[in-house]
Amino acid sequence: MPKLGMEPIRRDALIKAAIIEIGQAGSLDVTVSRIAKRAGMSAALAHHYFGSKEQMFLAAMRHLLSVYGAEIRGALTTAESPQARLRALVLISFTGANFRREVVAAWLNFYVMAQRQNEAARLLRVYQARLRSNLRHALRPMVGARSASLAEGVAAMIDGVYLHEALGTGEPDGARASAAVLGWVEAAIRGDTA
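Definitions and cut-offs
- Residues numbered from 1 in each chain as written.
- Predicted model: local features only at pLDDT ≥ 70, side-chain atom pairs only at ≥ 80, totals over all residues.
- Heavy atoms only, no water.
- Helix = DSSP H or I, 4+ residues; strand = E, 2+ residues; numbered from the N terminus.
- Lys, Arg positive; Asp, Glu negative; His and termini not counted.
- Charge placed at Lys NZ, Arg CZ, Asp CG, Glu CD.
- Phe/Tyr/Trp six-rings, centres within 6.5 Å; stacked < 30°, edge-to-face > 60°.
- Buried < 20%, exposed > 50% of the residue type's maximum accessible area, 1.4 Å probe, protein only.
- Core = buried A, V, L, I, M, F, W, Y, C linked by side-chain atoms within 4.5 Å.
- Polar contact = N/O pair within 3.5 Å; in protein donor to acceptor, adjacent residues only side chain to side chain.
- Contact = heavy atoms within 4.5 Å.
- Expected span 1.5 Å × (residues − 1).

Points about the overall build of the chain
Here is step 1 of the chain: A tally of helices and strands in the chain yields 9 helices and 0 strands.
Here is step 2 of the chain: Along its sequence from the N terminus, the chain presents helices and strands in the succession α-α-α-α-α-α-α-α-α.
Here is step 3 of the chain: Overall, the chain is about 60 × 35 × 30 Å in size when its C-alpha atoms are taken along their principal axes.
Here is step 4 of the chain: Charge separation in the chain, taken as the distance between the mean sites of 24 positive and 16 negative side-chain charges, equals 5 Å.

So, in structure tokens, the structure goes:
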């Protein structure tokens, strides 16, 4: 007889193990057995909870997006100006919870998976739409009609930094990444970018 209340604990352990294993492998080329072993359970139990490695990975991405969303909402509630909102959106993208080696690897694999899997593509579109909407809202009081194009640029810069870090070997530097994106945005607002 299964222990009551264990399913959420086990699912969470599998999600965290999947993120770590994918981060170490740098790809989705990990087995459910390896993920389950890291989580301290059997592959059969992992399959019972998720059905497939792809579903486990999607659950892991939902978890990462949930953490990111909670941090964004928290930061935006204390932001008292459009500049503070913009800064919060960029800084949260590169915090320790969101910008660790294994999370960066998970994001890179998520983008690849979204090219061939409808559920991943839908989840990615939701994330992108929310990010761009938040960026437009922050930028509109500063640049008016240019807010949409600048929001696209900021989102592309954030994605680009993640790609750059995915190809790197060291631990991601969130402060450096934030400074680079914020520097670009400030130059773009002034009209100093090409």
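Thoughts on the packing of aromatic side chains
Here is step 1 of the chain: Across all of its chains, the model carries 8 aromatic pairs by this definition.
Here is step 2 of the chain: Summarising the aromatic geometry, the rings of tryptophan 107 and phenylalanine 110 are spaced 5.6 Å apart at their centres and angled 75° between planes, so their arrangement reads as edge-to-face. Note that tryptophan 107 and phenylalanine 110 are positioned in helix 6 (residues 101-114) at a spacing of 3 residues, about one turn of the helix. For the pair formed by tryptophan 107 and phenylalanine 110, the shared burial category is buried.
Here is step 3 of the chain: Ring centres 4.8 Å apart and planes at 55° place the aromatic pair tryptophan 107 and tyrosine 127 in the tilted group. Of this pair, tryptophan 107 sits in helix 6 while tyrosine 127 is found in helix 7 (residues 118-143), placing the two residues 20 residues apart along the sequence.

Some words on the nonpolar core
Here is step 1 of the chain: Core analysis: the biggest nonpolar cluster contains 64 residues, and Leu14, Phe94, Trp107 and Phe110 have the highest contact counts within it.
Here is step 2 of the chain: Ranked by the residues each element gives to this core, the list is headed by helix 4 (residues 53-78), at 12 residues.

A look at the environment of glutamate 171
Here is step 1 of the chain: Topologically, glutamate 171 is positioned in the loop between helix 8 (147-166) and helix 9 (174-190).
Here is step 2 of the chain: Take glutamate 171: its relative accessible area is 57%, and that puts it in the exposed class.
Here is step 3 of the chain: With 69 residues separating them along the chain, glutamate 171 and glutamate 102 place their C-alpha atoms 9.7 Å apart.
Here is step 4 of the chain: For glutamate 171, the side chain forms a polar contact with the main-chain nitrogen of arginine 101, separated by 3.5 Å.

Observations concerning the environment of methionine 41
Here is step 1 of the chain: The residue methionine 41 is located in the loop between helix 2 (32-39) and helix 3 (43-50) in this model.
Here is step 2 of the chain: For methionine 41, a relative accessible area of 15% gives the class buried.
Here is step 3 of the chain: In sequence terms methionine 41 and leucine 89 are 48 residues apart; their C-alpha atoms lie 37 Å from each other.
Here is step 4 of the chain: For methionine 41, the contacting residues outside a window of four places in its chain are Arg10, Ala13, Leu14 and Ala36.

Observations regarding the side chain of glutamate 21
Here is step 1 of the chain: For glutamate 21, the location among the structural elements is in helix 1 (residues 6-25).
Here is step 2 of the chain: In this structure glutamate 21 comes out as buried when scored by relative accessible area, which is 4%.
Here is step 3 of the chain: With sequence-adjacent residues up to four places away left out, glutamate 21 is seen in contact with Val30, Arg34, Ile35 and Arg38.

What to know about the side chain of glutamine 117
Here is step 1 of the chain: By secondary structure assignment, the location of glutamine 117 is in the loop between helix 6 and helix 7.
Here is step 2 of the chain: Among the polar contacts made by the side chain of glutamine 117, one reaches the main-chain amide nitrogen of glutamate 119 at a distance of 3.1 Å.
Here is step 3 of the chain: Ignoring any residue separated from it by four or fewer positions in sequence, one finds glutamine 117 in contact with Gln55 and Leu58.

Here's the deal with helix 9
Here is step 1 of the chain: Between its first and last C-alpha, helix 9 extends 24 Å over 17 residues, near the 24 Å set by a 1.5 Å rise per residue.
Here is step 2 of the chain: All of the buried residues along helix 9 are Gly174, Ala177, Ser178, Val181, Leu182, Val185, Ala187 and Ala188.
Here is step 3 of the chain: Looking at the buried positions of helix 9, the neighbouring elements they touch are helix 5 (82-93) and helix 8.
Here is step 4 of the chain: For helix 9, the N-terminal cap is aspartate 173; the gap from its side-chain oxygen to the backbone nitrogen of alanine 175 is 3.2 Å.
Here is step 5 of the chain: Once helix 9 ends, the next one or two residues include glycine 191, with phi positive near 90°.

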